[in-house]
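# Secondary and tertiary structure notes
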Amino acid sequence: EPEVTQTPSHQVTQMGQEVILRCVPISNHLYFYWYRQILGQKVEFLVSFYNNEISEKSEIFDDQFSVERPDGSNFTLKIRSTKLEDSAMYFCAGNRDNEKLFFGSGTQLSVL
Amino acid sequence: DQQVKQNSPSLSVQEGRISILNCDYTNSMFDYFLWYKKYPAEGPTFLISISSIKDKNEDGRFTVFLNKSAKHLSLHIVPSQPGDSAVYFCAASENTGNQFYFGTGTSLTVIP
């Protein structure tokens, strides 16, 4: 069964550094998402991406965040200058339409 | 603003008995509801869904009930098995958008 693949599984970075989280969505998916879960809290929507542009974003997704689908395969989330409060598990997800989301296994980001 | 709420952070059930997980929502525009299961260090995996035109959907041991007037849905697992021990998230979306709103999760422990 096709899977959403995320790398790395763990990322440790210093506050103020840039990080790029990578995802390879399922090939026939059209919509792509980033969610995050801070330890003990709910899974929060960050951004959705369709047809090479952002279709929706939450208040969390400020100017420090950006997404790209540079080569039609990878889907990346960049955080330009990480803050302590960006520490969370980041999940990439995808679907073909307004149907169930398929999630990757996540990247645990730790900002020190 | 938490549009999807799971008020029970944890639930313990004996093996073989029924597990009932509850979820409430506030947005009357939601018309598609899903349950996800999450094991530690893994991404959420889709379990079962229901659209607002139905009030029940069943898949094996899992049944989701939707009460639109009460803005409430529940997931029934019967019989519960130790392998069902995980965190369960409910999620909801509107047909006009592709953002999914998640609850905070309920940690289910099935005791052998």
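Keep in mind the model is a prediction, meaning the values are calculated, not measured.

### Quick word on the overall build of chain B
- Within chain B one finds zero helices and eleven strands.
- Put simply, chain B runs from its N terminus to its C terminus through helices and strands in the order β-β-β-β-β-β-β-β-β-β-β.
- In terms of overall size, chain B behaves like a compact globule, its C-alpha atoms giving a radius of gyration of 13 Å where 112 residues would be expected to give roughly 13 Å.
- Summarising its shape, the C-alpha atoms of chain B cover approximately 45 × 30 × 20 Å along the three principal directions.
- Put simply, chain B has 112 residues, and 46% of those count as buried.
- Surface accessibility of chain B: about 5300 Å² in total, with carbon and sulfur atoms responsible for 49%.
- For chain B, the centre of its 9 positive side-chain charges and the centre of its 10 negative side-chain charges are spaced 3 Å apart.

### Some words on the interface of chain B and chain A
- Of the residues lining the interface, 21 residues belong to chain B; the matching set on chain A comes to 20 residues.
- Summing both sides of the interface, chain B and chain A together bury roughly 1700 Å²; the carbon and sulfur share of this comes to 57%.
- When the buried surface of chain B facing chain A is broken down by residue, Asn98(B), Phe100(B) and Phe102(B) rank first, second and third, together holding 35% of it.
- Here chain B is connected to chain A by zero salt bridges.
- At the surface where chain B touches chain A, the tally comes to three residue pairs in polar contact (both at pLDDT 80 or more).

### A short note on the sheet that holds strand 1 (residues 5-7) of chain A
Residues and elements named next belong to chain A.
- Spatially, the four strands line up as an open sheet ordered 1-3-8-7, and their pairing is antiparallel. Since the sheet does not close on itself, it has two edges, and those belong to strand 1 and strand 7 (65-68), each with one partner. With direction set aside, neighbouring strand axes in the sheet form an average angle of 20 degrees.
- The pairing of strand 3 (residues 19-24) with strand 8 (residues 75-79) spans five bridges and is classified as antiparallel. By the bridge assignment for strand 8, Val19 is matched with Ile79.

### Quick notes on the environment of Gln99(B)
- Along the polypeptide, Gln99(B) turns up in the loop between strand 9 (86-94) and strand 10 (101-102).
- Spatially, the C-alpha atom of Gln99(B) lies 18 Å from that of Cys23(B), the residues being 76 residues apart in sequence.
- Residues contacting Gln99(B), with those up to four places away along its chain left out, are Tyr35(A), Phe45(A), Glu56(A), Ala92(B) and Ser93(B).
- A distance of 3.1 Å separates a polar atom in the side chain of Gln99(B) from a polar atom in the side chain of Glu56(A).

### Topic: the state of the cysteines
- A complete count under the given rule lists two disulfides over all chains for this structure.
- Bridging Cys23(A) to Cys92(A), the disulfide has an S-S length of 1.9 Å. Handedness here is read from the sign of the S-S torsion; for Cys23(A) and Cys92(A), about -65 degrees, the answer is left-handed. Here Cys23(A) is found in strand 3, whereas its partner Cys92(A) is found in strand 9 (residues 88-95), with 69 residues between them in sequence.
- Given the relative accessible area of 1%, Cys23(A) is considered buried.
- Paired by a disulfide, Cys23(B) and Cys90(B) hold their sulfur atoms 1.8 Å apart. Disulfide Cys23(B) to Cys90(B): torsion about the S-S bond roughly 60 degrees, handedness right-handed. Here the residue Cys23(B) occupies a position in strand 3 (residues 19-25), and Cys90(B) occupies one in strand 9, the gap between them amounting to 67 residues.

### Things to note about a nonpolar patch on the surface
- A cluster of nonpolar side chains, Ile18(B), Ile20(B) and Val78(B), forms an exposed patch at the surface whose accessible area comes to about 230 Å².
- Mapping Ile18(B) onto the fold places it in the loop between strand 2 (10-14) and strand 3.

Rules behind the numbers
- Residues numbered from 1 in each chain as written.
- Chains lettered and ligands numbered in written order.
- Predicted model: local features only at pLDDT ≥ 70, side-chain atom pairs only at ≥ 80, totals over all residues.
- Heavy atoms only, no water.
- Helix = DSSP H or I, 4+ residues; strand = E, 2+ residues; numbered from the N terminus.
- Rg over C-alpha atoms; globule rule 2.2 N^0.38 Å.
- Buried < 20%, exposed > 50% of the residue type's maximum accessible area, 1.4 Å probe, protein only.
- Areas by Shrake-Rupley, 256 points an atom, 1.4 Å probe, with all protein chains shown as cover.
- Lys, Arg positive; Asp, Glu negative; His and termini not counted.
- Charge placed at Lys NZ, Arg CZ, Asp CG, Glu CD.
- Contact = heavy atoms within 4.5 Å.
- Buried area = accessible area lost by both parts, 1.4 Å probe.
- Salt bridge = Lys/Arg side-chain N within 4 Å of Asp/Glu carboxyl O.
- Polar contact = N/O pair within 3.5 Å; in protein donor to acceptor, adjacent residues only side chain to side chain.
- Pairing = 2+ DSSP bridges.
- Axes fitted to C-alpha atoms, helices over the stretch in contact; angles between N-to-C directions.
- Disulfide = S-S within 2.5 Å.
- Patch = residues over 30% accessible without salt bridge, like charges linked within 9 Å, V, L, I, M, F, W, Y side chains within 5 Å.

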